[in-house]
Amino acid sequence: MKVTDHIKKAKGKTLFSFEIIPPQKGRSIQELYNNIDPLMEFKPPFIDVTTSREQYIYIDKGEGLLDRKITRMRPGTVGICAAIKHKYNVDTVPHVLCGGFTKEETEYLLVDCHYLGIDNVMALRGDAMSHQKYFEPSKGGHKYATELVSQIQNLNTGKYLHDVVESEHKSDFCIGVAGYPEKHMEAPSLQTDLKRLKEKVDAGADYIVTQMFFDNKKYFEFVEAAKAFGINVPIIPGIKPIAVKRHLQILPQVFKIDVPEELIQAVENCKDNKAVRQVGIEWGVKQSKELLDYGVPVLHYYSMGKSDNIKAIASELF
Ligand code: FAD
């Protein structure tokens with residue numbers, strides 16, 4: 001079932017969902033199940049599964065020589081989506097990236113999703129690879145998420161890249177895209193970024209999931225600004241509980257987001273990461289309660305590999 005249909009069916013009741021990251025190559029999918037199991041009591045109608053960019057790895061060839069290879073460290077997104085859908089009887093949302101894929105490869109991936117009964121996809125550009133300063137599209141790939149949304153929409157109307165037979169059986173993907181309450185790091189202004197977001201919606205995006213934020217005011221202002229831009233699809237807030245002290249540096253650096261002074265102080269006063277995790281939970285509960293009161297369609301949590309803190313937050317709310 002489509003994410004937007006789940007939202008409609010809920011008739012104004014806020015839903016719970018979360019995002020997981022595939023295990024590293026060579027690790028067991030059981031790790032994921034161990035994180036999903038404790039969250040299933042909150043009845044998520046859908047679970048997102050991220051896709052990782054490929055990165056350089058360095059292989060020691062001996063005698064001081066290093067070989068450099070490009071590889072995707074966490075493959076398996078579509079397979080994981082199918083496995084979770086089957087095991088838990090829940091809808092899944094694979095993240096589909098422009099970066100690292102040709103349009104042809106994307107089409108194959110979407111065909112797989114369609115055959116597997118996956119009804120939703122999250123269309124994203126992806127970041128630059130770690131050795132790059134700026135995002136570079138793959139040869140034969142898309143430059144912006146809008147182009148990817150258009151490709152998915154084309155498929156929904158039975159238009160493949162190179163039509164072979166008259167299309168009788170069309171996909172009908174519900175398409176999610178990313179939104180940035182504190183603007184995307186490359187956008188010159190929030191207004192410009194909103195204009196680009198509107199383009200994604202006009203190209204066929206059905207809903208938006210936001211980048212993490214720690215100050216709800218940023219989300220409320222973003223929703224209002226988006227409405228003023230004529231963006232009328234559901235805007236789902238993405239929430240990440242702070243879990244370790246290092247997050248105070250890493251999250252603003254990687255995602256270009258602000259952490260409120262009050263939260264910084266509370267984390268800095270912690271004597272260990274167990275205490276930080278508790279602060280993250282308390283902040284997450286406070287943030288979530290306020291978002292619930294505002295009437296958000298879904299509270300969507302970034303699990304980043306561990307779910308105990310999300311369980312603690314959800315236990316207070318659902
Ligand atoms: P776009 O919408 O293409 O925007 C990228 C930048 O280009 C923005 O600054 C935008 O303003 C600008 N822009 C857009 N169109 C144009 C145009 N026509 N001309 C000029 N400028 C333009 N990354 C992963 O690698 N894997 C994941 O699974 C993943 N999941 C995510 C989930 C969510 C909810 C979010 C918020 C992000 C996720 N990301 C993921 C990160 C995402 O890939 C990065 O934030 C990336 O830098 C931008 O992706 P986008 O889809 O927002 O790009």
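Criteria and cut-off values
Residues numbered from 1 in each chain as written. Predicted model: local features only at pLDDT ≥ 70, side-chain atom pairs only at ≥ 80, totals over all residues. Helix = DSSP H or I, 4+ residues; strand = E, 2+ residues; numbered from the N terminus. Rg over C-alpha atoms; globule rule 2.2 N^0.38 Å. Buried ≥ 20, exposed ≤ 12 C-beta atoms within 10 Å, placed from the backbone. Expected span 1.5 Å × (residues − 1). Contact = placed C-beta atoms within 7 Å. Core = buried A, V, L, I, M, F, W, Y, C linked by C-beta atoms within 7 Å. Near = placed C-beta within 6 Å. Nonpolar A, V, L, I, M, F, W, Y, C, P; charged D, E, K, R; others polar. Pairing = 2+ DSSP bridges. pLDDT = per-residue confidence, 0-100. Arc of directions from axis to C-beta.

### Re the overall build of the protein chain
Here comes step 1: Tallying secondary structure elements over the protein chain gives 11 helices and 11 strands in all.
Here comes step 2: For the protein chain, whose C-alpha radius of gyration is 20 Å, the value lies close to the compact-globule estimate of 20 Å for 318 residues.
Here comes step 3: Judged by the C-alpha coordinates and their principal axes, the protein chain covers about 65 × 60 × 45 Å.
Here comes step 4: Here the protein chain holds 318 residues, and the buried ones make up 39% of them.

### Focus: unusual backbone geometry
Leaving glycine out, the prevailing phi sign among residues is negative, and the prevailing peptide bond configuration is trans.
Here comes step 1: Although it is not a glycine, Glu63 adopts a positive phi angle of roughly 50°.
Here comes step 2: Structurally, Glu63 can be placed in the loop between strand E3 (55-62) and strand E4 (65-71).
Here comes step 3: Given 5 C-beta atoms within 10 Å, Glu63 falls into the exposed group.

### Observations concerning helix H10 (residues 273-294)
Here comes step 1: Here H10 is 22 residues long and its end C-alpha atoms lie 31 Å apart, about the 32 Å a rise of 1.5 Å per residue gives.
Here comes step 2: Of all the residues in H10, the buried ones are Val276, Val279, Gly280, Ile281, Trp283, Gly284, Gln287 and Ser288.
Here comes step 3: In this structure, the buried residues of H10 make contact with helix H7 (216-228), strand E10 (238-239), helix H9 (261-268), strand E11 (298-302) and helix H11 (308-315).

### A look at the environment of Phe214
Here comes step 1: Among the secondary structure elements, Phe214 is positioned in the loop between strand E8 (207-210) and H7.
Here comes step 2: Judged by C-beta crowding, with 24 C-beta atoms within 10 Å, Phe214 ranks as buried.

### Describing the nonpolar core
Here comes step 1: One finds Val121, Ala123, Val149, Ile152, Ile175, Ala205 and Ile208 to be the most contacted residues of the largest nonpolar core, which totals 73 residues.
Here comes step 2: Residue contacts for Val149: discarding those within four places in its chain leaves Ala123, Ile175, Val177, Lys200, Ala203, Gly204 and Ala205.

### Thoughts on the site of the ligand
Here comes step 1: Surrounding the ligand, one finds 22 residues, the nearest of these being Thr50, His95, Arg125, Ala145 and Ala178.
Here comes step 2: Of all elements in the fold, only strand E5 (91-97), helix H5 (145-156) and helix H6 (190-203) reach the threshold of two or more residues within the shell around the ligand.
Here comes step 3: Top contributing element to the shell around the ligand by residue count: H6, with 3 residues.
Here comes step 4: Residue composition of the shell around the ligand, by class: 7 nonpolar, 8 polar and 7 charged.

### Comments concerning the sheet that holds strand E6 (residues 120-124)
Here comes step 1: As summarised here, the arrangement of the 9 strands in space is E9-E8-E7-E6-E5-E2-E1-E11-E10, forming an open sheet in which the pairing is parallel. This sheet does not close on itself; its edge strands, each paired only once, are strand E9 (235-236) and E10.
Here comes step 2: Direction of pairing for E6 relative to strand E7 (residues 174-179): parallel, over a ladder of 4 bridges. What sits directly across from Met122, in E7, is Gly176.

### Quick look at the confidence of the model for the protein chain
Here comes step 1: Model confidence for the protein chain is summarised by a mean pLDDT of 95, while 100% of its residues fall at 70 or above.
Here comes step 2: Two summary scores accompany this predicted model of the complex, namely pTM at 0.97 and ipTM at 0.99.

### With respect to the pairing of strand E1 (residues 15-20)
Here comes step 1: Counting buried residues in E1 gives 5 out of 6 residues, a clear majority hidden from the surface.
Here comes step 2: Note: E1 against E11, 5 bridges, orientation parallel. Among the inter-strand pairings, Ser17 is bridged to a residue of E11, identified as His300.
Here comes step 3: Of the pairings in the sheet, the one linking E1 to strand E2 (residues 46-49) comprises 3 bridges and is parallel in character. Looking at E2, one finds that Glu19 is bridged to Asp48.

### So, helix H4 (residues 103-115)
Here comes step 1: In a regular helix each residue adds 1.5 Å, so 13 residues correspond to 18 Å; H4 covers 18 Å between its end C-alpha atoms and thus fits that length.
Here comes step 2: Within H4 the residues assigned to the buried category are Thr106, Leu110 and Cys113. Seen along its axis, H4 keeps its buried residues to an arc of 55°; they face one direction. In H4, the exposed positions angled more than 90 degrees off the buried face are occupied by Tyr108 and Tyr115.
Here comes step 3: Turning to H4, the residues buried within the fold contact helix H3 (77-88), E5, E6 and H5.
Here comes step 4: Positive backbone phi, approximately 75°, marks Gly117, located one or two places after H4.

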